Number of protein chains: 2
Amino acid sequence: MINAIETYVQQHNEIHMEELKQLLRIPSISAVAEHKKDILHCAEWVAGALQKAGLEHVEIMATAGHPVVYADWLHAPGKPTVLVYGHYDVQPAEPLELWDTPPFEPTVRDGKIYARGATDDKGQLFLHIKAVESCLQVIGSLPVNIKFCIEGEEEIASFHLPPFFEQHLDKLQADVVTLSDTQLYGPGKPALMYGLRGLAAFEIIVEGANSDLHSGLYGGGVPNPIHALSKLLSSFHDEHGHVAVEGFYNNVIELSQQEREAFKLVEPDEHKLLTELGVSSLFGESNFTFYEQTTSRPTLEITSISGGFQGEGIKPIIPNQAIAKVACRLTAAQVPDEVMDAVEKHIHTHKPAGVRVRLNRLLRGNPFITPIDHPAMQAAANAYEEAYGTSPVYMRGGGSIPIVEVFGRLLQAPVVMLGFGLPGENLHAPNEHFHLENWHKGLSTICRYWYKIGADIKL
Amino acid sequence: MINAIETYVQQHNEIHMEELKQLLRIPSISAVAEHKKDILHCAEWVAGALQKAGLEHVEIMATAGHPVVYADWLHAPGKPTVLVYGHYDVQPAEPLELWDTPPFEPTVRDGKIYARGATDDKGQLFLHIKAVESCLQVIGSLPVNIKFCIEGEEEIASFHLPPFFEQHLDKLQADVVTLSDTQLYGPGKPALMYGLRGLAAFEIIVEGANSDLHSGLYGGGVPNPIHALSKLLSSFHDEHGHVAVEGFYNNVIELSQQEREAFKLVEPDEHKLLTELGVSSLFGESNFTFYEQTTSRPTLEITSISGGFQGEGIKPIIPNQAIAKVACRLTAAQVPDEVMDAVEKHIHTHKPAGVRVRLNRLLRGNPFITPIDHPAMQAAANAYEEAYGTSPVYMRGGGSIPIVEVFGRLLQAPVVMLGFGLPGENLHAPNEHFHLENWHKGLSTICRYWYKIGADIKL
């Protein structure tokens, strides 16, 4: 049965790749208002693809932000219902000049497809759509009931999805949630993510005089907001990479010795990492490894900074404003607003004289840990093992998919993260790509997983 | 004679204002390559205005950068030659949204003309052109020989003018150089600037990993260039506003007690300044007043900073690069390259681990002091006193007109800075403007000055 599906996938590879390229050509950047029409176009494209795959009740559903695309196939009475989640929005593609080929002109090179969204998440999302099509074409039915809930705001922290979800809880009710938006451990080596970091993102605005001032006429005599912001930002870490904001580590659950031992199987070689990243040293708290630091410890990263004339050349002014945007990744059981309370208190305590400072809260997402002994997780582990010929490792992810925590909480269902990306595929960076070997193995894994869920899970 | 000229100026006020508006409409921004055609258009416009005023040998002369506009009137044998210097280029107008009326649509409100370049320097430069026209129309001749040398790169530190000047030294030879690019002390209160600060401008580039990195996957584990740059920038000043770069104050000539006493006549009220600027405290070394600090002490100002995604929303990355641009104002007898050597050494000494850092030198200008007892300076003082009814104060300027030092050195001639701007006219900032009462008094001062030079100066 699986063999027949795999044969179908091989035979239809060319047409599937052409369709994937169509999807990747749409610059559905959720963070930038001027791409709103591309977002809507992408939602329509996804709806069309779901229809074509044989799903029913396809609907573009309005939210207070970008729309959700819904579809279902509910002809497996007595069988569990799997809710497939994914997102059709992508990160901005800047800096454009660092892409070898344009971000929205997908190109296949060396068995990889290059484009913004190739791995995060259009490539992985499309796997589930084509898995449905393949099952229905070859077998004529699915072994489980399936619902798709594909959103357009994941890259801006799914801001409008939780209220949408609460409003449509009956329609979206399921026994297990599945998504493919994470990574394998390495080539040919599957991994099951059992935890994700949360997110607290905010901007810090420092204001000085009521206008930009000529640096000749005023230089040396008035507070400079960029100086002040630099002082503030440099107060956030001590010299050991520890965040020096009082209360920042409140509620952090320390790693168990068992977890630290398990991580030794999956930790990257730090020397190799230095070469790969092109840096002379890593960063972080001295008593944690890179892997522990980036998956199980909270972090405070300045993601952007801006002040003064941003054009070519130099404009000799003291600007009247400087802004930094900050993303904190949080670990269980930190609460985003409590962390932002601590940072807000810190900036008011450490504010240099003569300037005004304020913090605007931008994004929140709770950290998440999923139970690894749930039957759906074991179904996923067995599917991976059959498709890849090796059992998966259990890992924690440093990134945030805040909606995962919401799904788990609202549906009271396990969330299985069936990732097919690979480390180094440049998600959120120039030259994002997806390895096509995981297109084939991924599609096989997904179909196998559904059959195991259909056989194993008791409603 | 002066009365007749003043009457002519009054009678032709409407047409002169229309012409000034034409000049102010040209966005001749020298720092931005895409405005090259506007620069050339502006040079042509100025050439036409010089021709129309009755000047001869009008010529747009190529330099290695933006062109110089030259013209002369040499029919006063035995009389001194005055070289009038000015610049037709302007600063960028960003942030555009803070202008009450668009920067290149000049508007007269409450006796002031608003536009980018209104006071720096198109408005003041145009005074000299109309002074020539008025003298020639009313008297039929000038009391001195006059040469105009109007450049297009003052706002980018006159980079190509010194070699141009050396190449055309014979043609530009003069007994006194005069420019109007500075300010009065206050409304109705003329000032003669006897010193200007120099300039050393550079950019600091911090680089981390060889690509932007996802802040979820790498956050907390790799060096962040914005963190590192903030640490570097915050190391530049101690908590007393003193620049903490070793060697930064080398060669600074300390103020004499006499100068500090003289400054008391012109120092701004610091409490009033706080209100005017909208800040709760000033900045600077604790043992200097605001006036001393901004005219006679060197300063290090971060004029812009940039790193990470600069668009709307937040892009959760660790950027691979962050850049700050810095302008140091220097006082006699500091040497720009020696100051940049000191800063370059400082950033390598204070560089955080794991990042690469480099300094690119952008602009250099020597500080300048002019002798206040030269007959040309006294001619200017007397002209001011007659036109404004009060004798000028002697001041030092915090800004830099680096070419002033070059003129003085190459021509071995005094440089007289006959400024007609006013403090608070927002040069280099939104809503730049020029008070039109100084149009009339300024034109009268310039004509009187030429007659005094013609009578007083021995060749």
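Predicted model, so just to flag it, every value in this text is computed and none were measured.

1. A closer look at the pattern of salt bridges
All names here are of chain A.
Moving on, step 1. Within the structure shown, the criterion is met by 44 salt bridges over all chains.
Moving on, step 2. Linking Arg361 and Asp341 is a salt bridge whose minimum nitrogen-to-oxygen distance equals 2.7 Å. Of this pair, Arg361 sits in strand β14 (residues 356-365) while Asp341 sits in helix α12 (residues 336-350), and the two are 20 residues apart along the sequence.
Moving on, step 3. Three or more residues joined by partner-sharing salt bridges are found here, namely Asp337, Asp341, Glu344, Arg361 and Arg364.

2. A closer look at the environment of Tyr249(B)
Residue and element names in this part refer to chain B.
Moving on, step 1. Here Tyr249 is to be found in the loop between α8 (225-234) and α9 (257-263).
Moving on, step 2. The exposure class of Tyr249 is buried, given its relative accessible area of 18%.
Moving on, step 3. As a C-alpha pair, Tyr249 and Pro298 span 49 residues in sequence and 7.5 Å in three-dimensional space.
Moving on, step 4. Here Val243 takes part through its backbone nitrogen, which lies 3.0 Å from a polar atom of the side chain of Tyr249.

3. A few points about the sheet that holds strand β7 (residues 176-179) of chain B
All names here are of chain B.
Moving on, step 1. Pairing is mixed in the open sheet, where six strands are placed in the order β1-β2-β6-β3-β7-β17. Two strands in the sheet have a free side with no partner beyond their single neighbour: β1 (56-61) and β17 (415-417). The sheet shows a mean angle of 20° between the axes of neighbouring strands, direction not considered.
Moving on, step 2. When strand β3 (residues 81-87) meets β7, the two strands line up parallel, connected through four bridges. Opposite Leu83, over in β7, you have Val177 as the bridge partner.
Moving on, step 3. Most of the contacts of helix α3 (residues 36-53) go to β1, to which it runs at about 175°, and overall it touches β1, β2 (68-73) and β6 (145-151).

4. Brief notes about the relation of the copies chain B and chain A
Each of the two chain copies can be brought onto the other by rotation about an axis and movement along it.
Moving on, step 1. Each copy superposes on the other: chain B lies on chain A with an RMSD of 0.0 Å after a rotation of 180° and an axial shift of 0.0 Å. In symmetry terms, the pair is related by a two-fold rotation axis.
Moving on, step 2. A share of 99% of the interface residues of chain B reappears at the interface of chain A, consistent with the copies meeting face to face through the same patch.

The rules behind the values
Residues numbered from 1 in each chain as written. Chains lettered and ligands numbered in written order. Predicted model: local features only at pLDDT ≥ 70, side-chain atom pairs only at ≥ 80, totals over all residues. Heavy atoms only, no water. Salt bridge = Lys/Arg side-chain N within 4 Å of Asp/Glu carboxyl O. Helix = DSSP H or I, 4+ residues; strand = E, 2+ residues; numbered from the N terminus. Buried < 20%, exposed > 50% of the residue type's maximum accessible area, 1.4 Å probe, protein only. Polar contact = N/O pair within 3.5 Å; in protein donor to acceptor, adjacent residues only side chain to side chain. Pairing = 2+ DSSP bridges. Axes fitted to C-alpha atoms, helices over the stretch in contact; angles between N-to-C directions. Contact = heavy atoms within 4.5 Å. Least-squares fit on C-alpha atoms with pLDDT ≥ 70 in both.

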